[in-house]
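# Structural description and commentary
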Amino acid sequence: VCCTQAAAGAQRLHGFSRGEQTRHVILWWRLQRCYLMYCALFAALTLFLLVWNVVQVVDISWRLSDRRHYIWEDALEVVVALLLSLETCLTLQVLGASIFFHNYWCLLDLAVTALTLASAGYSLSLLVLHPSDSGSCARGSAALLALRFALQPARLLVVCAGIFRARRLQRDIDETSIDFGRLEPAAGA
């Protein structure tokens, strides 16, 4: 339903540039209640991975080289990295490079996303190099495991900050009455 409404909204913007249409669709999506549900699910997934890893490393007395990996855990790491990358790219598209690269929160998002992609690359290598593993096996680089462990609270912070920004945007829009369908394209667009 949301995608159909977004496509219909983009068609109403036929006089606008492709970039403006894209920004409109992204902002429209972020103003929907279902976006908050998506963000909450994303935060829950990130929190689950954080708690799971804390339990795992406490169980092995913080000896990361003894840490066991599970196929489902590596797959979830890849999913989190893809979702975080998507959110960061969408924010860059909405704000534009000039604003994005001068905002400290956006730079934190970008740094966390880049490190998360490195962690996902590690997870992907485990999934590809050892696809027949049925449950777990002791393997991996302690440095990359330490990076993943340190990243998880930062990822949770970034995801929760995204929820806060989306909710604030929704609340601000609820207080403002603008019909974007009636706006005229800018001159030269």
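Remember, predicted model here, so these are calculated numbers, not experimental data. (Residues numbered from 1 in each chain as written. Predicted model: local features only at pLDDT ≥ 70, side-chain atom pairs only at ≥ 80, totals over all residues. Heavy atoms only, no water.)

Let us now look at the packing of aromatic side chains. Aromatic ring pairs are described here by two measures, namely the spacing of the ring centres and the angle between the planes. One pass over the structure, following the stated rule, counts nine aromatic pairs. Note on Y35 and Y38: the rings are 5.7 Å apart at their centroids and 40° apart in plane angle, and the pair reads as tilted. Taken together, the residues Y35 and Y38, both in helix α3 (residues 33-59) and three residues apart, mark about one turn of the helix. Side by side, Y35 and Y38 carry an identical accessibility label, which is buried. (Phe/Tyr/Trp six-rings, centres within 6.5 Å; stacked < 30°, edge-to-face > 60°. Helix = DSSP H or I, 4+ residues; strand = E, 2+ residues; numbered from the N terminus. Buried < 20%, exposed > 50% of the residue type's maximum accessible area, 1.4 Å probe, protein only.)

Here the focus is the nonpolar core. The tendency in soluble globular proteins is for nonpolar side chains to be buried as a group. Counting 15 residues, the largest nonpolar core has Y35, Y38, F42, V80, L84, V112 and V159 as the members making the most contacts within it. Counting only elements with at least two residues in this core, the list comes to α3, α4 (71-95) and α7 (142-175). Ranked by residue count, the leading element in this core is α3, at eight residues. Not counting residues within four places of it along the chain, the set of residues in contact with F42 comprises V80, L83, L84 and V159. (Core = buried A, V, L, I, M, F, W, Y, C linked by side-chain atoms within 4.5 Å. Contact = heavy atoms within 4.5 Å.)

The next subject is α3. Quick reminder: α-helices carry 3.6 residues per turn. Residues three or four places apart thus point the same way. Taking 1.5 Å of rise per residue, the 27 residues of α3 would be expected to cover 39 Å, and the 39 Å separating its terminal C-alpha atoms lies within 8% of that figure. S61 occupies a position one or two residues after α3 and carries a positive phi of about 60°. (Expected span 1.5 Å × (residues − 1).)

On to the side chain of E73. Within the secondary structure, E73 is located in helix α4. Judged by relative accessible area, which is 0%, E73 ranks as buried. Not counting residues up to four positions away in its chain, the partners in contact with E73 are L49, W52, N53, R67, R68 and R148.

We now examine the pattern of salt bridges. Pairs may arise between side chains of opposite charge once their charged atoms sit close together. Counted by the stated rule, this structure contains four salt bridges. The shortest N-O distance in the salt bridge between E77 and R155 comes to 2.9 Å. Here the residue E77 occupies a position in helix α4, and R155 occupies one in helix α7, the gap between them amounting to 78 residues. For the pair E77 and R155, one class covers both residues: buried. (Salt bridge = Lys/Arg side-chain N within 4 Å of Asp/Glu carboxyl O.)

Classification of R155 by relative accessible area gives buried; the value is 0%. Residue contacts for R155: discarding those within four places in its chain leaves T46, L49, E77, V80, L84, V112 and T116.

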